[in-house]
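# Residue-level structure breakdown
So you can see what is in the structure, the chains are spelled out below.
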Protein chains: 2
Amino acid sequence: MGNSFRIGEVAERSGVSIDTLRYYERRNLLPAAPRTPGGYRIFNSETIDRVLFIKQAQDLGFSLDEIGSLLSTNGSSECRRVRDLLDAKLTELDTRLKSMHEFHDKLTRYLAECEEELKRHPDSAECPVVVEIAHAERT
Amino acid sequence: MGNSFRIGEVAERSGVSIDTLRYYERRNLLPAAPRTPGGYRIFNSETIDRVLFIKQAQDLGFSLDEIGSLLSTNGSSECRRVRDLLDAKLTELDTRLKSMHEFHDKLTRYLAECEEELKRHPDSAECPVVVEIAHAERT
DNA sequence: TTACACCCTAGACCTAACTCCAGGGTCAAG
DNA sequence: CTTGACCCTGGAGTTAGGTCTAGGGTGTAA
């Protein structure tokens, strides 16, 4: 009861659709759920956490295949392989974070110019940002 | 000459395929290039910068539609609209950066546990990380 | 004036990650 | 023991962002 859910509840609580849950099971991102005699899947709350983890990783640019390799609990999973995977992911993440910061700074500069122009010529239709992005100066 | 390129050169210099360049033109992410009498497109170096900008933004999770609205130089582009768009993008970017950092920390913790375990039991097949991710603790 | 790399268009095809559908079964409440 | 909400499977369809193909023209160096 307290820790037993049908697919619709899991979907609602984890913010994905029922179809997506079944799709994840097919892709082995979720273990095959046990069934009721009638064939209904029975999930527990760990499934919900797991789905949230998948969504978070995905949101940060990891593909389902990559997430799958991080999650693969299959018998032969040994520590060293997981360590190496994590190491690689962290390096990737660092790179992404760095260019994210750069892009953030670039947009901030654009925004400042925009405000500047609006202050100086409130009715201007010629946005310096448009011109600049169109000509895409190198950062 | 110095600032005039055929599509193949632009592709090579900006790291995308020829098809992608034509596709971007169709999607109006690039202005319709002028043509030679025979119909060949003629690009200048600003196109290359622009493609690099698109790729950068895309890499950070912006869709081509979003990038398009940022780049739209169409007649009626007025400063205020661009300012608002930029503002929204920056907020988004901040959110993404924040959860990226959190995810980074989470992976770092996993990695530390992994190393720990390897140091303690060099031949261990039971990775604590696998267990933990499988059970997806909430961060 | 031909050889050969390069370019053109329209439109079909591809991959990832879903999303929908038909046709049918399950189950708790009344 | 029926009703209505919910679940099942297999397979087709969708969207974003390209990528490929057929059939044909261009440009320039030898």
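To start, this report covers the structure provided alongside it. (Residues numbered from 1 in each chain as written. Chains lettered and ligands numbered in written order. Predicted model: local features only at pLDDT ≥ 70, side-chain atom pairs only at ≥ 80, totals over all residues. Heavy atoms only, no water.)

### Considerations on the packing of helix H1 (residues 7-14) of chain A against helix H3 (residues 45-59) of chain A
Residues and elements named next belong to chain A.
- It is the contact of H1 with H3, at a shortest axis distance of 10 Å, that shows an interaxial angle of 45°. With respect to their mutual orientation, H1 and H3 come out oblique. The crossing of H1 and H3 is right-handed. For the pair H1 and H3, contact is made by Val10, Arg13 and Ser14 and by Thr47, Ile48, Val51 and Leu52, respectively. (Axes fitted to C-alpha atoms, helices over the stretch in contact; angles between N-to-C directions. Helix = DSSP H or I, 4+ residues; strand = E, 2+ residues; numbered from the N terminus. Parallel < 35°, antiparallel > 145°, perpendicular 65-115°, else oblique. Left-handed = near helix turned anticlockwise from the far one by under 90°. Contact = heavy atoms within 4.5 Å.)

### Structural notes on the pattern of salt bridges
- Under the counting rule described, the total for this entry stands at 12 salt bridges over all chains.
- The salt bridge involving B:Asp65 is made with B:Arg27; its shortest N-O contact spans 2.6 Å. One end of the pair, B:Asp65, is in helix H4 (residues 64-71); the other, B:Arg27, is in the loop between helix H2 (18-26) and helix H3 (45-59), and 38 residues separate them in sequence.
- The residue B:Arg120 makes a salt bridge to B:Glu116 at a minimum N-O spacing of 2.6 Å. With B:Arg120 and B:Glu116 both in helix H5 (residues 79-120) and 4 residues apart, the pair spans about one turn of that helix.
- Overall, the relative accessible area of 54% leaves B:Arg120 in the exposed class.
- Connected through salt bridges with shared partners, the residues A:Glu25, A:Arg35 and A:Arg41 form a single ionic network. (Salt bridge = Lys/Arg side-chain N within 4 Å of Asp/Glu carboxyl O. Buried < 20%, exposed > 50% of the residue type's maximum accessible area, 1.4 Å probe, protein only.)

### Structural notes on the packing of H3(B) against H4(B)
All names here are of chain B.
- Closest axis-to-axis distance for the H3/H4 pair is 10 Å, and the angle between their directions is 135°. Judged by the angle between their axes, H3 and H4 are oblique. Between H3 and H4 the crossing geometry is right-handed. Touching Arg50, Phe53, Ile54, Ala57 and Gln58 of H3 are Leu64, Ile67, Leu70 and Leu71, all from H4.

### With respect to the environment of B:Ser69
All names here are of chain B.
- Looking at the element boundaries, Ser69 is found in helix H4.
- Along the primary structure Ser69 and Leu85 are separated by 16 residues, whereas in three dimensions their C-alpha atoms are 8.2 Å apart.
- Leaving out residues up to four positions away in the same chain, Ser69 has contacts with Arg81 and Leu85.
- A distance of 2.7 Å separates a polar side-chain atom of Ser69 from the backbone oxygen of Glu66. (Polar contact = N/O pair within 3.5 Å; in protein donor to acceptor, adjacent residues only side chain to side chain.)

### A look at the protein's contact with DNA strand C
- In the vicinity of DNA strand C there are 22 residues, among which A:Asp19, A:Tyr40, A:Gln58, B:Arg22 and B:Arg41 approach most closely.
- What you see for DNA strand C is that sugar and phosphate hold 71% of its atoms within 4 Å of the protein.
- Between DNA strand C and the protein, one listed contact pairs a phosphate oxygen with a backbone N or O atom of B:Gly8 at 2.9 Å.
- Ranked by residues supplied to the surface near DNA strand C, first place goes to helix H2 (residues 18-26) of chain A with 4 residues.
- Classifying every residue of the surface near DNA strand C by side-chain character gives 7 nonpolar, 8 polar and 7 charged. (Near = heavy atom within 4 Å. Nonpolar A, V, L, I, M, F, W, Y, C, P; charged D, E, K, R; others polar.)

### Let's talk about helix H4 (residues 64-71) of chain A
- All of the buried residues in H4(A) are A:Leu64, A:Ile67, A:Gly68, A:Leu70 and A:Leu71. With its buried residues spanning 160° around the axis, H4(A) presents them on a single face. (Arc of directions from axis to C-beta.)

### Looking at the environment of A:Arg96
- Structurally, A:Arg96 is set in helix H5 (residues 79-120).
- A C-alpha to C-alpha distance of 9.3 Å links A:Arg96 and A:Gly61, two positions 35 residues apart in sequence.
- Once you skip the residues sitting within four places of it in the chain, A:Arg96 turns out to touch A:Leu60, A:Gly61, B:Asp59, B:Leu60, B:Arg96 and B:Met100.
- Of the polar contacts made by the side chain of A:Arg96, one reaches the backbone oxygen of B:Asp59; its length is 3.2 Å.

### Describing unusual backbone geometry
- Notably, A:Asn28 is not glycine yet its phi reads approximately 65°, a positive angle.
- Positionally, A:Asn28 belongs in the loop between H2 and H3.

### A few points about the nonpolar core
- Formed by 67 residues in total, the largest nonpolar core has its most connected members in A:Leu21, A:Ile54, A:Phe103, B:Leu21, B:Ile54, B:Phe103 and B:Leu107.
- Of the residues forming this core, the biggest block, 12 residues, is contributed by H5(B).
- Both domains that meet at this core, namely domain 1 (1-77) and domain 2 (96-139) of chain A, each give it at least three residues.
- With sequence-adjacent residues up to four places away left out, B:Leu21 is seen in contact with B:Ile7, B:Val10, B:Ala11, B:Val16, B:Leu30 and B:Val51. (Core = buried A, V, L, I, M, F, W, Y, C linked by side-chain atoms within 4.5 Å. Domains from an automatic or database assignment.)

### Digging into the packing of aromatic side chains
Residues and elements named next belong to chain A.
- Applying the stated criterion to the full structure yields 6 aromatic pairs over all chains.
- Seen from their ring centres, Tyr23 and Tyr24 are 6.2 Å apart, and the 45° between their planes marks the pair as tilted.
- For Tyr23, a relative accessible area of 34% translates into the label partly exposed. (Phe/Tyr/Trp six-rings, centres within 6.5 Å; stacked < 30°, edge-to-face > 60°.)

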